[in-house]
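# Coordinate inspection notes
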Amino acid sequence: MNKFVNKDILRELAIFAIALLLAVMFWKSNILLTSLLVLLYLTRQYRWSAKGDNIIYISGILLGCTAEFIGTHLGVWTYSAPLFLNIPLWLPFAWGLVSVIIIRVSLPFIDQ
């Protein structure tokens, strides 16, 4: 794996750390955290966009929401501040962002 790829992986992991920090700090404020996560994704896309990121993002939102809805609907888990379909408003955007990060961190290892 070359130095350029390592830099990309570190950047994606830093974005993940920022998203996690935002979630820990602002989970009680659905609107604020939703806005921050969308802004983080848009910033990432503007600066370091890769082919297919938006498809992965939307897929992550849809699949993540489906899993969350089923889990909360069946009572497997609950959220303390649900706003939409028994989940916090920000959670689908976190699923989308993390889906993109997982793919971008994984691909360099697969493409070798």
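## Points about helix H2 (residues 30-48)
- End to end, H2 covers 26 Å across 19 residues, agreeing with the expected 27 Å (1.5 Å per residue, within 8%).
- Listing the buried residues of H2 in full gives Asn30, Leu33, Thr34, Leu37, Leu40, Tyr41, Arg44 and Gln45. Along the long axis of H2, the arc covered by the buried residues comes to 130 degrees, so they all point the same way. The exposed set on the far side of H2, more than 90 degrees from its buried face, consists of Ile31, Leu39, Leu42, Tyr46 and Arg47.

## Looking at the packing of H2 against helix H3 (residues 53-73)
- At a closest axis distance of 12 Å, the pairing of H2 and H3 adopts a crossing angle of 160 degrees. In terms of orientation, H2 and H3 fall into the roughly antiparallel class. Note that H2 runs across H3; the crossing there is right-handed. In this structure, H2 uses Val38, Tyr41, Arg44, Gln45 and Trp48 to contact H3, whose residues at the interface are Asp53, Asn54 and Tyr57.
- Class assignment of the residues belonging to the contact of H2 with H3 gives a composition of four nonpolar, two polar and two charged.

## Examining the side chain of serine 99
- Residue position: serine 99 is located in helix H4 (residues 91-110).
- Overall, the relative accessible area of 16% leaves serine 99 in the buried class.
- Within the local environment of serine 99, its side chain forms a polar contact with the backbone oxygen of tryptophan 95, the two atoms lying 2.7 Å apart.
- Setting aside chain neighbours within four positions, we find serine 99 in contact with Ile56 and Gly60.

## Considering the environment of proline 82
- Within the secondary structure, proline 82 sits in the loop between H3 and H4.
- A residue is classified by how much of its surface remains accessible, and proline 82, at 41% relative accessible area, is partly exposed.
- For the pair proline 82 and serine 59, spaced 23 residues apart in sequence, the C-alpha separation works out to 21 Å.
- Not counting chain neighbours up to four residues away, the residues in contact with proline 82 comprise Ile87 and Pro88.

## Remarks on the pattern of salt bridges
- Using the criterion set out here, one finds five salt bridges in the structure.
- When the shortest N-O distance is used, the salt bridge between aspartate 8 and arginine 11 registers 3.1 Å. Here the residue aspartate 8 and the residue arginine 11 both occupy positions in helix H1 (residues 3-26), the gap between them amounting to three residues, near one helical turn.
- Overall, the relative accessible area of 22% leaves aspartate 8 in the partly exposed class.
- The closest approach of N and O atoms between arginine 44 and aspartate 53, which form a salt bridge, is 2.9 Å. For the pair formed by arginine 44 and aspartate 53, the shared burial category is buried.
- The structure contains a network of salt bridges with shared partners spanning Asp8, Arg11, Glu12, Arg44, Asp53 and Arg104.

Calculation notes
- Residues numbered from 1 in each chain as written.
- Predicted model: local features only at pLDDT ≥ 70, side-chain atom pairs only at ≥ 80, totals over all residues.
- Heavy atoms only, no water.
- Helix = DSSP H or I, 4+ residues; strand = E, 2+ residues; numbered from the N terminus.
- Expected span 1.5 Å × (residues − 1).
- Buried < 20%, exposed > 50% of the residue type's maximum accessible area, 1.4 Å probe, protein only.
- Arc of directions from axis to C-beta.
- Axes fitted to C-alpha atoms, helices over the stretch in contact; angles between N-to-C directions.
- Parallel < 35°, antiparallel > 145°, perpendicular 65-115°, else oblique.
- Left-handed = near helix turned anticlockwise from the far one by under 90°.
- Contact = heavy atoms within 4.5 Å.
- Nonpolar A, V, L, I, M, F, W, Y, C, P; charged D, E, K, R; others polar.
- Polar contact = N/O pair within 3.5 Å; in protein donor to acceptor, adjacent residues only side chain to side chain.
- Salt bridge = Lys/Arg side-chain N within 4 Å of Asp/Glu carboxyl O.

Keep in mind these numbers describe shape, not what the thing actually does.
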